[in-house]
Amino acid sequence: MTSGLRPLWPALLPVEHHGDDTLCAVSAQGVRVRFADGRELLDGSSGLWNTNLGYGNQAVARAAADALLDASYLSVFRYENAYARRAAAALIEACGPGHYARVLFSTSGGAANDLVMKVARHYHALRGEPRRKIVVGLRASYHGLTFGGFALTGEDLGQQVYGVDQRLVRHVTPNEPAELATLLARQGTQTAAVVVEPVLGTGAVPLTEEYVAELLRLRDAHGFLLVADEVATGFGRTGALFASERWPAPPDLLISSKGLTNGTSAAAVVVASRAVAAAFDEVGAVLSHGETQAGTPVTCAAILATLSEMQRLDAVAQGRRLAVRLDAELDELVAGHPLVSHTQGVGLFRSVRLITADGAPFPQAEVPALVGAIRAAGAIVHPGLNGVQLFPALTYTPAELSELLECVRAGLDAYTAGGGPGRGRRPHTEERG
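Along each chain, numbering runs from 1 in the same order as the chain's sequence is written. Thresholds applied to this predicted model are a pLDDT of at least 70 for local features of residues and 80 or more for the giving and counting of side-chain atom pairs; totals over whole chains, interfaces and linings are not thresholded and use all residues. Side-chain measures here rest on the full set of heavy atoms in the structure, leaving out hydrogens and waters.

A. Summary view of empty space enclosed by the protein. With a 1 Å grid laid over protein atoms only, a set of points is called a cavity when a 1.4 Å probe fits there but cannot get out and a pocket when it is open yet has protein on both sides within 12 Å along at least five of seven lines; lining residues have an atom within 4 Å of a point. Grid points are joined across faces, edges and corners, and a volume is the space filled by probe spheres set on the points. Taken as a whole and judged by the stated rule, the model has one cavity of 30 Å³ or more. For the largest cavity, the calculated volume is near 40 Å³. Forming the boundary of the largest cavity are Gly30, Val31, Asp43, Ser46, Thr51, Gly54, Tyr55, Ala393 and Tyr396. Ten residue types, Ala, Val, Leu, Ile, Met, Phe, Trp, Tyr, Cys and Pro, are classed as nonpolar, four, Asp, Glu, Lys and Arg, as charged, and the remainder, Gly among them, as polar. Classifying every residue of the lining of the largest cavity gives four nonpolar, four polar and one charged.

Shown next, in the form of structure tokens:
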């Protein structure tokens, strides 16, 4: 080992913070995380937006443990296993058996986005349209950091540095239907799929009803597959089990991860419509994709237990009630704090946008310092666009929600008192999805 370097290379953490005990979690229970420095913090991010039922759910833990003892490892690579069969059937039932038919297992949201690009291109080839290779995403979207998902991600996160091939990817502005229509007028016969997050992750920007309606109309007109990337929005985060349930018509492919196992496994699924599945089944086509850890017994047991716990706890309805309280808390934050400009998002998928004293957007380079101030005040949040993101668990109590907002206020006050660019008062505006 090179002298001075620590063995762990954490993701997206500046080198100067490697080895910092204030950032090293050692345990978690309910909605709180304990760190190596002894502090216990309220988690305002549901892990990475995935512990929708909180940490340490005993039913999920027991199911995973039992599967490990019963089967240890079984795959869906040139084989099937009984756990995967049961989990696939339960997911089809949850998503809607009238429309969906088959489940493909994956290991992450990024890998699942790679997978849908393959499915879409193969689907069109089977239908005699092999030129349909283009996949369209939205600007400011996030679809992961694997090479396919990274290509589709609509943020500049260094794709060119890593040599990510984006020649068959296009990006259009969200909620601007004319831009997508113009692109499809030129390249509609070459377009395999349009992939959208119902709520764009980093900025918590919901797709408008008008935009979704146009997406569906353009799908009918141009024949592409519509993919709902519900890695973050799935499992009750926006007030329904899946956000696309509220669309006038369902997508052709639906991606789920994060809340799928309540964050306990490296797991994702792609749920395919009957029409997509039929194109493969009718000719016996074999899709060239497989992942060693996809669809294992422990993963599938966790999926089944998570679905069961969502029902037992009535978690979707509980999340909707909590979202009403969050709306009121955010109204107070917007009205009462000089740094806060507005909030965006829907349900328990929210972004707090900030500005400086002169009304300019809060500097993105200052967001990590603000996140640190909120952490010092007692809560974990993640950076957002010109502000921070709030993703409380569906199982928060009203008192925990109030505590989260108090920590946000205290962090904002501490940051401002420390001489940050947000000092001073200014008019308030609010924008919500």
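B. Structural detail: the pairing of strand E3 (residues 40-43). In this analysis, strands are considered paired if DSSP registers two or more bridges between them. Comment: elements are numbered from the N terminus, with helices defined as DSSP H or I runs of at least four residues and strands as E runs of at least two. By the bridge criterion, three bridges tie strand E2 (residues 32-35) to E3 in an arrangement that is antiparallel. Residue Arg34 lies in a different strand from E3, and its bridge partner there is Glu40. Between E2 and E3, which pair antiparallel in sequence order, lie four residues; one of them, Gly38, sits at a positive phi of approximately 95°. When E3 meets strand E15 (residues 379-380), the two strands line up parallel, connected through two bridges. Its bridge partner being in E15, Leu42 is matched across the sheet by Ala379.

C. Broad picture of the packing of aromatic side chains. Aromatic rings from Phe, Tyr and Trp, taking only the six-membered ring of Trp, are treated as a pair when their centres fall within 6.5 Å; an angle between ring planes under 30 degrees marks them as stacked, one over 60 as edge-to-face, and anything in between as tilted. A full pass over the atoms with the stated rule returns six aromatic pairs. Taken together, the ring pairs in this structure connect Trp49, Phe349 and Phe391 into an aromatic cluster. For a lysine, the NZ atom is tested; for an arginine, the CZ atom; a charge sits over a ring if that atom is within 6 Å of the ring centre and within 35 degrees of the ring normal. Looking at Arg86, its charged tip hangs above the ring of Tyr83, at a distance of 4.8 Å from the centre. Lys258 extends its terminal NZ or CZ atom over the ring of Trp49, reaching a point 5.4 Å from the ring centre.

D. The pairing of strand E13 (residues 340-346), seen in detail. Only protein chains enter the calculation, and the probe is 1.4 Å; a residue is then buried if its accessible area is under 20% of its type maximum, exposed if over 50%, and partly exposed in between. Counting buried residues in E13 gives six out of seven residues, a clear majority hidden from the surface. Note that E13 and strand E14 (residues 349-354) share six bridges and pair antiparallel. Bridging from a neighbouring strand, Val346 pairs with Phe349 of E14.

E. Representation of helix H4 (residues 109-126). A helix is expected to span 1.5 Å for every residue after the first. With 18 residues, H4 extends 25 Å between its outermost C-alpha atoms, agreeing within 8% with the 26 Å of an ideal straight helix rising 1.5 Å per residue. Once H4 ends, the next one or two residues include Gly128, with phi positive near 85°.

F. Region of the structure containing the sheet that holds strand E17 (residues 387-390). In spatial order, the strands read E13-E14-E17-E16; together these four strands make up an open sheet with antiparallel pairing. Strand pairing shows two members of the sheet lacking a second neighbour, E13 and strand E16 (382-384), which therefore form its edges. The sheet shows a mean angle of 30° between the axes of neighbouring strands, taken without regard to direction. Relative to E17, E16 runs antiparallel, the two sharing three bridges. Considered in E17, the bridge of Pro383 is made with Val388. Every angle, taken between N-to-C directions, lies between 0 and 180 degrees, and every axis is a line fitted to C-alpha atoms, over only the stretch in contact when it is a helix.

G. How the structure looks around the packing of helix H3 (residues 82-95) against helix H9 (residues 297-312). Running from N to C, H3 and H9 point in directions that differ by 30°, and their axes come no closer than 8 Å. Judged by the twist between their axes, the crossing of H3 over H9 is left-handed. Residues Tyr83, Ala84, Arg86, Ala87, Ala90, Leu91 and Ala94 of H3 lie in contact with H9, whose contacting residues are Pro297, Cys300, Ala301, Ile303, Leu304 and Leu307. Along the lines of polarity and charge, the residues of the contact of H3 with H9 split into twelve nonpolar, no polar and one charged. In a left-handed crossing the near helix is turned counterclockwise from the far helix by less than a right angle, and in a right-handed crossing that turn is clockwise. Only heavy atoms enter the contact rule, under which two residues are in contact if any of them lie within 4.5 Å.

H. Fine view of unusual backbone geometry. Its identity is not glycine, yet Leu12 carries a phi of approximately 55°, on the positive side. Turning to its location among the elements, Leu12 is positioned in the segment before strand E1 (25-29). Positive phi, normally seen in glycine, also occurs at Ala140, with a value near 70°.

I. Molecular detail of the pattern of salt bridges. Should a side-chain nitrogen of Lys or Arg be within 4 Å of a carboxyl oxygen of Asp or Glu, the pair is scored as a salt bridge. Scanning the entire structure with this criterion turns up 13 salt bridges. Arg85 serves as the salt-bridge partner of Glu80, at 2.6 Å between the closest nitrogen and oxygen. Judged by relative accessible area, Glu80 falls into the exposed class, the value being 55%. Across the pair Arg312 and Glu309 runs a salt bridge whose closest N-O atoms are separated by 2.7 Å. With Arg312 and Glu309 both in helix H9 and three residues apart, the pair spans about one turn of that helix. Among the residues examined, Arg312 registers a relative accessible area of 58% and is labelled exposed. Classification of Glu309 as buried rests on a relative accessible area of 6%.

J. Highlighting a nonpolar patch on the surface. Each patch groups residues whose relative accessible area exceeds 30% and which form no salt bridge, using 9 Å between like charges and 5 Å between nonpolar side chains of Val, Leu, Ile, Met, Phe, Trp and Tyr. Only the protein chains shown count as cover for residues, with accessible areas throughout obtained via the Shrake-Rupley method and a probe of 1.4 Å. On the surface, a cluster of nonpolar side chains totalling about 410 Å² of accessible area is made up of Leu12, Tyr142, Leu145 and Leu157. Within the fold, Tyr142 resides in the loop between strand E5 (134-138) and helix H5 (147-152). What makes Tyr142 partly exposed here is its relative accessible area of 34%.

K. Spotlight on the sheet that holds E1. Spatial ordering of the open sheet is given by E1-E2-E3-E15, a layout of four strands whose pairing is mixed. The sheet is open, and its two edges are formed by E1 and E15, each paired on a single side. Pairing of E1 with E2 involves four bridges; the strand directions are antiparallel. Within the sheet, the bridge partner assigned to Ala25 lies in E2 and is Phe35. Relative to E3, helix H12 (residues 398-417) is tilted by about 105°, and along the sheet it contacts E2, E3 and E15.

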